[in-house]
Amino acid sequence: MLWHWHLPFTCFMLIWLCTSSAICPSHCSCALDESGRKKTACIEGGMMESLPVKDMDSGMEVLDISAPESNWNSLTIGPVFQKFKTLEEIRITRSSVVQIGMHSFWGVPTVKVLDLAFNNITAVFDHNFRGLVNLVELYLNDNLIQRLSSDVFKHLTELRILTLERNRIEELVPRIFARLSKLQVLKLSENKLMELLPDAFKDILELRTLECRGCGLSRINTQIYHLLPYLTHLDLGNNRMQFIASDEFQDLRRIHSIKLDGNMFPVVLEKTFVNQGELRTLCLARNRLAKITNTAFLNLSKLYELDISYNKLNRVEGVAFQPLADSLRKLSVSGNQFSEEVLRIILQTAIKLQRFDIADIGINHFPDGIFPDHLRSLNLSGNNLTEIGIKVLPQQLVELDISRNKFRGLDEHVVLRLEQLNTLRVENNSWSCDLCNMKTVIMRINKSVSFRNATCASPARLKGLKMGTLRTEDVTDCSDDDDFERDGFFVFVEDNLVILIGGAGLFLFLVACVTFVVYSCLQRQVVRVDDELKRESEREAVFENPAAIFGDKAEISFKFSLDLTERKVSVSTIDEIKKDTQLYSLPNGTGIGI
């Protein structure tokens, strides 16, 4: 009897398995995702025209259509999803979609996530989203959208997240976000907006996150902040703003994160953030800051992370960091011209600091004990360090970056301490792979994991080799003095190649200029001497040959013939003259009228 029950059940299971395997499109995978939902994924690329929905399980909950960077799909989107009554998530990316068909998602009210990023969509209309009454997340980033009309999202009344990054939008028209009263995240970065108008934000008063990095903004109308009182995250980095008013953010009382990096601010005025008592993260990196006033951070008693790196600062008073003393855990001052004295002032004030970034400040030595023991992460990259003492390293340190310095070797005690770190970066140094400089590292290469990919800079025969590939016989006791000096010379040349080429070019240019000037002067002198000699020879010729201006008897002659034929005229009477026609008519055509 039991056998009679097992046989139909087994047949049913076989039929179900065969049916399940048959409703998965070719070149796709069908399985459960991490949340236990039925997922169909087609990510190999090369799909053409329409979606293969007829081969998909009607009980599908997640659809993921994508492609590799080198083999995009070429698909169209139309009203083909109606049979999927449990579909919650649709992702169609890298599929060269040009437009969204009318009413494409009508009849699929269960969809909560729609991702159409990385396509070629040029325009969207309100009818594209009709039927998505429960949509929570909409991703339209990385398309070619140029303009969005008013009320374009009016059917998405439950929308919480909207991303429009990296499109070609130049204007946010009034009421563009109408009926999006529940929107909390809006990302507009890398569009050519130039300006944000308050009228565009009147319908999204619940907004928590606003991002507009690289939008070409020169200023922000502070009325926008007044319209967004619940804003907690503001990112306006990589714009063209040149000034922050002292009352700029007075309406953002709940803000947790402000990113203003990559602008052109020259100064942080007094009490600029006095109303941001809840602020946790502040980024002012890559501006033109030459001064931070003593009360710039007043009332920021909860600030956890501060980034003022790569500005034009050379001094900051300890009193400026006093309001942050008990809260600040992460601080970056990289790329400024801070002296050891300024670093000491900062460290003595920020007494609970755990991460300190001081890369690219041009320092060549850190004295023992400069860093407090409670530091856990230290970035010293891009400086001129040639050595580091064991007492420089804080006792609680777990992360260290000493890349892009000028280290040739490390002390044995330092190496043993570095092996205890969780993270260590040592690349782009002038490591000398011999037993004088790197004996401990080379002998313990299996334990000094971070050094395996470090590259030897000397001796010359090992230059370019990774330490992890060295054999025992490759390593010498010490490089001799000549080899050391030669390697040092080559390292110096390599490190200063651009300066040396520029100096050589300048030297050759100066030599060419001097040569040209000297040659020009000599040439003029030669011409002047030639002219003088010529005039002198002419004068001598005149005095040596007086017949040129005197007659044969060395007397001045006033005889000038009027004709080529010399004639002699004797004394004659008037009658004789009249008889002689040649005398009567002179050669110059003048007749003698008598």
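Before any of the text, the structure's been laid out above.
Computed from a predicted model, the values in this text were never measured in an experiment.

Participant: Break down the state of the cysteines for me, citing the residues and quoting the values.
Facilitator: All told, the structure shown has four disulfides when counted by the stated rule. Put simply, Cys24 and Cys30 are joined by a disulfide, and their sulfur atoms are 2.0 Å apart. The sign of the S-S torsion, about 95 degrees, decides the handedness of the disulfide formed by Cys24 and Cys30: right-handed. Here Cys28 engages in a disulfide with Cys42; their sulfurs sit 1.9 Å apart. Linking Cys28 and Cys42, the disulfide has an S-S dihedral of approximately 110 degrees and is accordingly described as right-handed. With Cys28 in the loop between α1 (2-22) and β1 (29-32) and Cys42 in strand β2 (residues 38-42), this residue pair connects regions lying 14 residues apart in the sequence. Of the residues examined, Cys42 reaches a relative accessible area of 1% and is grouped as buried.

Participant: Which residues make up helix α4 (residues 340-349), and what values do they have?
Facilitator: Given 3.6 residues per turn, any residue in an α-helix points the same way as the ones three and four places further on. Turning to α4, its buried residues are Val342, Leu343, Ile346, Leu347 and Thr349. With its buried residues spanning 165 degrees around the axis, α4 presents them on a single face. In this structure, the buried side of α4 is in contact with α3 (318-321), β18 (330-332) and β19 (355-357).

Participant: How would you explain the packing of aromatic side chains if you had to name every residue and give the values?
Facilitator: Taken as a whole and assessed by the stated rule, the structure comprises nine aromatic pairs. Pairing Phe177 with Phe201 gives two aromatic rings, centres 6.5 Å apart and planes at 50 degrees, and the pair type is tilted. Of the two residues, Phe177 sits in the loop between β9 (161-163) and β10 (185-187) while Phe201 sits in the loop between β10 and β11 (209-211), which places them 24 residues apart along the sequence. Like Phe177, the residue Phe201 is buried in the burial classification. When the ring of Phe297 is compared with that of Phe321, the centres are 6.2 Å apart and the planes differ by 50 degrees; the resulting orientation is tilted. Placement of the pair is Phe297 in the loop between β16 (291-292) and β17 (305-307) and Phe321 in helix α3, with a sequence separation of 24 residues. Through pairs of rings, three or more aromatic residues link up here, namely Tyr225, Phe249 and Phe273. Across the ring face of Phe118, the terminal group of Arg94 is positioned such that the distance to the ring centre comes to 5.8 Å.

Participant: Before we move on, could you go through the pattern of salt bridges and cite the residues and values that matter?
Facilitator: Applying the stated criterion across every chain, the model contains 30 salt bridges. With its nearest N and O atoms 3.7 Å apart, the salt bridge here joins Asp57 to Lys38. Taken together, the residues Asp57 in the loop between β3 (48-49) and β4 (62-65) and Lys38 in strand β2 connect sequence positions 19 residues apart. Since its relative accessible area comes to 22%, Asp57 is described here as partly exposed. Owing to a relative accessible area of 38%, Lys38 belongs among the partly exposed residues under this scheme. The closest approach of N and O atoms between Arg213 and Asp235, which form a salt bridge, is 2.8 Å. Note that Arg213 is positioned in the loop between β11 and α2 (223-227) and Asp235 in strand β12 (residues 233-235), a separation of 22 residues in sequence.

Participant: With reference to specific residues and values, describe the pairing of β4.
Facilitator: Here β4 shows two buried faces, one formed by Val62 and Asp64 and the other by Leu63 and Ile65. Pairing between β2 and β4: four bridges, direction parallel. The partner of Lys39 across the bridge, within β4, is Val62. In the sheet, β4 pairs with strand β6 (residues 89-92) via four bridges, with the strands oriented parallel. Bridging from a neighbouring strand, Asp64 pairs with Arg91 of β6.

Participant: Give me the pairing of β2: which residues, what numbers.
Facilitator: Sheet topology places β1 next to β2; four bridges connect them, and they run antiparallel. Bridge pairing links Cys30 to Thr40 in β2.

Participant: Tell me what's going on with the side chain of Thr293, and back it up with residues and numbers.
Facilitator: Inspection of the secondary structure puts Thr293 in the loop between β16 and β17. Assessed through its relative accessible area of 9%, Thr293 is described here as buried. For Thr293, the side chain forms a polar contact with the main-chain oxygen of Val268, separated by 2.9 Å. For Thr293, the side chain forms a polar contact with the main-chain nitrogen of Glu270, separated by 3.2 Å. If we skip the residues at most four places from it in the chain, Thr293 touches Val267, Val268, Leu269, Glu270 and Ala320.

Participant: Hey, could you go over unusual backbone geometry for me, with residue numbers and the actual values?
Facilitator: In this structure, the amide linkage connecting Ser458 to the following residue, Pro459, adopts the cis form with an omega of -5 degrees. For Pro459, the location among the structural elements is in the loop between α6 (435-443) and α7 (481-495). Non-glycine residue Arg94 carries a positive phi angle of around 50 degrees. Along the chain, Arg94 falls in the loop between β6 and β7 (113-115). Non-glycine residue Asn428 carries a positive phi angle of around 60 degrees.

What counts and what doesn't
Residues numbered from 1 in each chain as written. Predicted model: local features only at pLDDT ≥ 70, side-chain atom pairs only at ≥ 80, totals over all residues. Heavy atoms only, no water. Disulfide = S-S within 2.5 Å. Helix = DSSP H or I, 4+ residues; strand = E, 2+ residues; numbered from the N terminus. Buried < 20%, exposed > 50% of the residue type's maximum accessible area, 1.4 Å probe, protein only. Arc of directions from axis to C-beta. Contact = heavy atoms within 4.5 Å. Phe/Tyr/Trp six-rings, centres within 6.5 Å; stacked < 30°, edge-to-face > 60°. Lys NZ or Arg CZ within 6 Å of the ring centre and 35° of its normal. Salt bridge = Lys/Arg side-chain N within 4 Å of Asp/Glu carboxyl O. Pairing = 2+ DSSP bridges. Polar contact = N/O pair within 3.5 Å; in protein donor to acceptor, adjacent residues only side chain to side chain.

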